[in-house]
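Here is how the chains run, residue by residue.
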Amino acid sequence: MTFNEDQSRIRKGHSPDNFALLRRFAIKILSLDTSKESIRKKRKRAAWDENYLLNCLAAIIQDAIALADAPEETETDEAKV
């Protein structure tokens, strides 16, 4: 309920799914910040503080790069386990 989804008036077509994806993406970005603040506080802080927002966006980019650079598991790796 970070975004007051129950009060959203987005109900036609693919809009609910699209906005749900955007909400999940925003929550993922904010959850990468390791501070002890709630998601709601992090969301407000990102709206007020441009440097904090840029740090959050940089964290998601670093996370994506780390995933891209990680070695992929092959069938032989899975068989060893």
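Source: prediction; values computed, not measured.

Basis of the calculations
- Residues numbered from 1 in each chain as written.
- Predicted model: local features only at pLDDT ≥ 70, side-chain atom pairs only at ≥ 80, totals over all residues.
- Heavy atoms only, no water.
- Salt bridge = Lys/Arg side-chain N within 4 Å of Asp/Glu carboxyl O.
- Buried < 20%, exposed > 50% of the residue type's maximum accessible area, 1.4 Å probe, protein only.
- Axes fitted to C-alpha atoms, helices over the stretch in contact; angles between N-to-C directions.
- Helix = DSSP H or I, 4+ residues; strand = E, 2+ residues; numbered from the N terminus.
- Left-handed = near helix turned anticlockwise from the far one by under 90°.
- Contact = heavy atoms within 4.5 Å.
- Nonpolar A, V, L, I, M, F, W, Y, C, P; charged D, E, K, R; others polar.
- Lys, Arg positive; Asp, Glu negative; His and termini not counted.
- Polar contact = N/O pair within 3.5 Å; in protein donor to acceptor, adjacent residues only side chain to side chain.
- pLDDT = per-residue confidence, 0-100.
- Parallel < 35°, antiparallel > 145°, perpendicular 65-115°, else oblique.
- Expected span 1.5 Å × (residues − 1).
- Arc of directions from axis to C-beta.

A. Broad picture of the pattern of salt bridges. In total, this model carries one salt bridge according to the counting rule given. Across the salt bridge formed by Arg 45 and Glu 37, the nearest N and O atoms sit 3.6 Å from each other. Since its relative accessible area comes to 33%, Arg 45 is described here as partly exposed. Judged by its relative accessible area of 31%, Glu 37 falls in the partly exposed class.

B. Local environment of the packing of helix α2 (residues 39–48) against helix α3 (residues 50–69). In contact at an axis separation of 5 Å, α2 and α3 are set at 115° when each is read in the N-to-C sense. α2 and α3 meet at a crossing whose hand is left-handed. Side by side, α2 and α3 meet where Lys 42, Arg 45, Ala 46 and Trp 48 of the first sit next to Glu 50, Tyr 52 and Leu 53 of the second. Residue composition of the contact of α2 with α3, by class: four nonpolar, no polar and three charged.

C. Geometry of the side chain of Lys 42. With respect to the element layout, Lys 42 can be found in helix α2. For the buried residue Lys 42, which engages in no salt bridge, the nearest side chain bearing the opposite charge is Asp 33, 4.4 Å off. A distance of 3.3 Å separates a polar atom in the side chain of Lys 42 from the backbone oxygen of Leu 30. When neighbours within four sequence positions are excluded, Lys 42 is seen to be in contact with Leu 30, Ser 31, Asp 33, Ser 35, Glu 37 and Tyr 52.

D. Molecular detail of the confidence of the model for the chain. In this model, the chain carries an average pLDDT of 80, and 78% of its residues clear a pLDDT of 70 or more. Per-element averaging of pLDDT across the chain places helix α4 (residues 75–80) at the bottom with 61 and α2 at the top with 91.

E. A look at the packing of helix α1 (residues 15–31) against α3. α3 packs onto α1 with a crossing angle of 95° between their chain directions and a minimal axis gap of 8 Å. Relative to α3, α1 is oriented roughly perpendicular. Of α3, the residues touching α1 (which contributes Phe 25, Lys 28, Ile 29 and Leu 30) are Cys 56, Leu 57, Ile 60 and Asp 63. Of the residues belonging to the contact of α1 with α3, the class tally is six nonpolar, no polar and two charged.

F. Up close: α1. For α1, with 17 residues, the first-to-last C-alpha span of 24 Å sits near the 24 Å given by 1.5 Å per residue. All of the buried residues along α1 are Arg 23, Ile 29 and Leu 30. Down the axis of α1, the sector holding all buried residues measures 125°, keeping them to one side. In α1, the exposed positions angled more than 90 degrees off the buried face are occupied by Asp 17, Leu 21 and Arg 24.

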